[in-house]
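The residues making up each chain are set out below.
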Amino acid sequence: MLHFDPLAVDPAPDGGPVLFDFTTAGREGSWTPVDDRSVGGESTSALAIEPRVGSFHGDLAPSACSFVSVRATPERPLDLSGAGAIELLARGDGRTYQLRLGDGRDGLAWAAAFRPDPGFWRLVQVPLDDLEPMRRGRLATGEAPLDRRAVASVALLLADGEPGSYRLDLRWIRAVR
C-alpha cells in the first residue's frame, strides 16, 4: 500500500508563490476567527498551528445561520494577477468548505466551495474564475470582478448546516497558474 507523504510535496514546483506555509515557522500568517458569535451565535473557530500543520477546527452550532471562519489579512495586498487558481495541500473531514478572497470592499468576498478527501492529504485547486461575489452569505449581483492585483484577505469558511465538530488540516496555500 502506498502512503502519501505531504512533506515530500514541494509547495512551489511551478514557481507559484506560497501565500501561507504552515510547515515553516513565521510563514503561516496571522489568522483571526470570524464566526456567528459576531451575530449572537454559539459556534467556535480557530486556526491552530501544530507541528507542520495549520488546523482550522472548532464546533458548528445547531442553527440554520451558523458559520465559522478564519481570515488572514496580509500586511500588503497579494498580487494574484498571474494566477489561475489557489492550491491547498489539505486533509479534510468529509465536509465542504469555502475559500474566500477579498479585495477590501466592505462586506464583499469572492467564494468557491471545495471538499478535500476525509482523512487523506490531497492537493485541492480552486480556480479563481470559479469564485463568486458574496455578501453576508448571499450571492452579490452587479459587483465588479475581484481585483486580483490587490487581494487584501484570504479566508476559510464552513457553513454547511451540519452541527458538530470539524477539522480541516493544511500544509500550505499557494497561487498557481
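Small disclaimer: the values here were computed from a predicted structure and weren't measured. (Residues numbered from 1 in each chain as written. Predicted model: local features only at pLDDT ≥ 70, side-chain atom pairs only at ≥ 80, totals over all residues. Heavy atoms only, no water.)

## Here's the deal with the overall build of the chain
Then, number 1: Across its full length, the chain holds 0 helices and 13 strands.
Then, number 2: Across the chain, helices and strands are ordered from the amino to the carboxyl terminus as β-β-β-β-β-β-β-β-β-β-β-β-β.
Then, number 3: Its C-alpha atoms give the chain a radius of gyration of 16 Å, near enough to 16 Å, the size a compact globule of 177 residues would have.
Then, number 4: Its C-alpha atoms give the chain principal-axis dimensions of roughly 45 × 35 × 30 Å.
Then, number 5: Counting all 177 residues of the chain, 44% fall into the buried class.
Then, number 6: Counting only contacts in the chain whose residues sit at least 6 apart along the sequence, the fraction spanning at least 24 positions is 74%.
Then, number 7: Roughly 9300 Å² of accessible area belongs to the chain as shown, and the carbon and sulfur atoms make up 50% of that amount.
Then, number 8: Between the averaged position of the 20 positive side-chain charges in the chain and that of its 25 negative side-chain charges there is a distance of 2 Å. (Helix = DSSP H or I, 4+ residues; strand = E, 2+ residues; numbered from the N terminus. Rg over C-alpha atoms; globule rule 2.2 N^0.38 Å. Buried < 20%, exposed > 50% of the residue type's maximum accessible area, 1.4 Å probe, protein only. Contact = heavy atoms within 4.5 Å. Areas by Shrake-Rupley, 256 points an atom, 1.4 Å probe, with all protein chains shown as cover. Lys, Arg positive; Asp, Glu negative; His and termini not counted. Charge placed at Lys NZ, Arg CZ, Asp CG, Glu CD.)

## Brief notes about the sheet that holds strand β11 (residues 138-139)
Then, number 1: If you walk across this open sheet you meet the 7 strands as β2-β5-β12-β7-β8-β10-β11, and the pairing is antiparallel. If you trace the sheet from one side to the other, it starts and ends with β2 (31-33) and β11, each paired once.
Then, number 2: Note: strand β7 (residues 97-102) against strand β12 (residues 153-158), 5 bridges, orientation antiparallel. Bridged to G102 within β12 is S153. (Pairing = 2+ DSSP bridges.)

## A few points about the pairing of strand β3 (residues 44-50)
Then, number 1: Relative to strand β4 (residues 53-60), β3 is paired through 7 bridges, and the arrangement is antiparallel. Paired with L47 across the two strands is F56, which belongs to β4.
Then, number 2: Hairpin geometry of β3 and β4 is characterised by an intervening segment of 2 residues between the two adjacent antiparallel strands and by a positive phi of about 65° at R52.

## Quick word on the nonpolar core
Then, number 1: Residues W31, L80 and L156 are the most contacted members of the largest nonpolar core, which totals 38 residues.
Then, number 2: When residues no more than four places from it in sequence are discounted, the contact partners of L80 are L19, I86, L101, L128, R148, R149, V151 and A175. (Core = buried A, V, L, I, M, F, W, Y, C linked by side-chain atoms within 4.5 Å.)

## Quick notes on unusual backbone geometry
Comment: phi is negative for the bulk of residues other than glycine, and the bulk of peptide bonds are trans.
Then, number 1: The phi dihedral of R52 falls on the positive side, at around 65°, and the residue is not glycine.
Then, number 2: Relative to the helices and strands, R52 resides in the loop between β3 and β4.
Then, number 3: One non-glycine residue, R136, lies in positive phi territory at about 55°.
Then, number 4: Along the chain, the position of R136 falls in the loop between β10 (132-135) and β11.

## Remarks on the pairing of strand β13 (residues 164-176)
Then, number 1: The buried count for β13 comes to 10 of 13 residues, which makes it a mostly enclosed element.
Then, number 2: For strand β1 (residues 18-21) and β13, the ladder comprises 3 bridges, and the chain directions are antiparallel. Bridge pairing in β13 places F20 opposite I173.
Then, number 3: Pairing analysis gives 7 bridges linking β4 to β13, with the strands arranged antiparallel. Within the sheet, the bridge partner assigned to F56 lies in β13 and is L168.
Then, number 4: Across 7 bridges, strand β6 (residues 85-91) lies against β13 in antiparallel orientation. Bridged to A90 within β13 is L170.

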